[in-house]
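Take a look at the letters that make up each chain.
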Amino acid sequence: LYAEVLEIKDIDGDNIAVCDTSINVTNPTKSSINAPFKIIHKLVDATSKNNTNKYKLVGNTCMEHDFICEELKGECKEGDFLMFSNRGG
C-alpha cells in the first residue's frame, strides 16, 4: 500500500503529517502492532541537513482515532510517499 503525505501541520507544537489513507486500511483489526512502513522521499534535497523530526502520522478521515503512527521519527515532507508492507489489495 502506497499513501501520499498530503499535508504537514504544526498544531500546538506537534508536527502532524496527514496521509492519503486511514487506520481503517493500514490496521483494520485494530492490532496493537503498528503496520511496518517506510518513507519514500519525493525529492532529495542535497542541501538538506539530516535532521530527525518527530511527527504524528494521521489518516484522512478526520476521526479522532485515525492515528496511524503516534511517533514517527525521521524526515517527512508533503509529497513523500509511505510504503506499508503487507497491506492493500
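Caption draft 1: Seen up close, the layout of surface pockets. Estimates place the volume of the largest pocket at around 200 Å³. Together, 13 residues line the largest pocket, and V58, G59, C62, M63 and D66 are the ones closest to its centre. Residue assignment for the lining of the largest pocket shows that the elements contributing at least two residues are strand 1 (2-11) and strand 2 (14-19). A per-class count over the lining of the largest pocket returns seven nonpolar, three polar and three charged.

Caption draft 2: A look at the pattern of salt bridges. Under the defined criterion, the tally for this structure stands at three salt bridges. D14 is the salt-bridge partner of K56, the closest N and O atoms lying 3.4 Å from each other. Linking K56 in strand 4 (residues 54-58) with D14 in strand 2, this pair joins segments that are 42 residues apart in sequence. By relative accessible area, K56 is classed as partly exposed at 27%. D14 sits in the partly exposed class, given a relative accessible area of 32%. Linking K54 and E71 is a salt bridge whose minimum nitrogen-to-oxygen distance equals 3.4 Å. Separated by 17 residues along the polypeptide, K54 in strand 4 and E71 in strand 5 (residues 67-73) bring together distant segments of the chain.

Caption draft 3: Region of the structure containing the nonpolar core. Counting 14 residues, the largest nonpolar core has A17, L57, L72, C76, L82 and F84 as its most contacted members. For this core, the secondary structure elements donating two or more residues are strand 1, strand 2, strand 4, strand 5 and strand 6 (81-84). Ignoring anything within four residues of it in the chain, the contact list for L82 reads L1, Y2, A3, V5, C19, F37, K38, I39 and L57.

Calculation rules
- Residues numbered from 1 in each chain as written.
- Predicted model: local features only at pLDDT ≥ 70, side-chain atom pairs only at ≥ 80, totals over all residues.
- Heavy atoms only, no water.
- 1 Å grid on protein atoms, 1.4 Å probe; cavity = no way out; pocket = protein on both sides within 12 Å on 5 of 7 lines; lining within 4 Å.
- Points joined across faces, edges and corners; volume = space filled by probe spheres on them.
- Helix = DSSP H or I, 4+ residues; strand = E, 2+ residues; numbered from the N terminus.
- Nonpolar A, V, L, I, M, F, W, Y, C, P; charged D, E, K, R; others polar.
- Salt bridge = Lys/Arg side-chain N within 4 Å of Asp/Glu carboxyl O.
- Buried < 20%, exposed > 50% of the residue type's maximum accessible area, 1.4 Å probe, protein only.
- Core = buried A, V, L, I, M, F, W, Y, C linked by side-chain atoms within 4.5 Å.
- Contact = heavy atoms within 4.5 Å.

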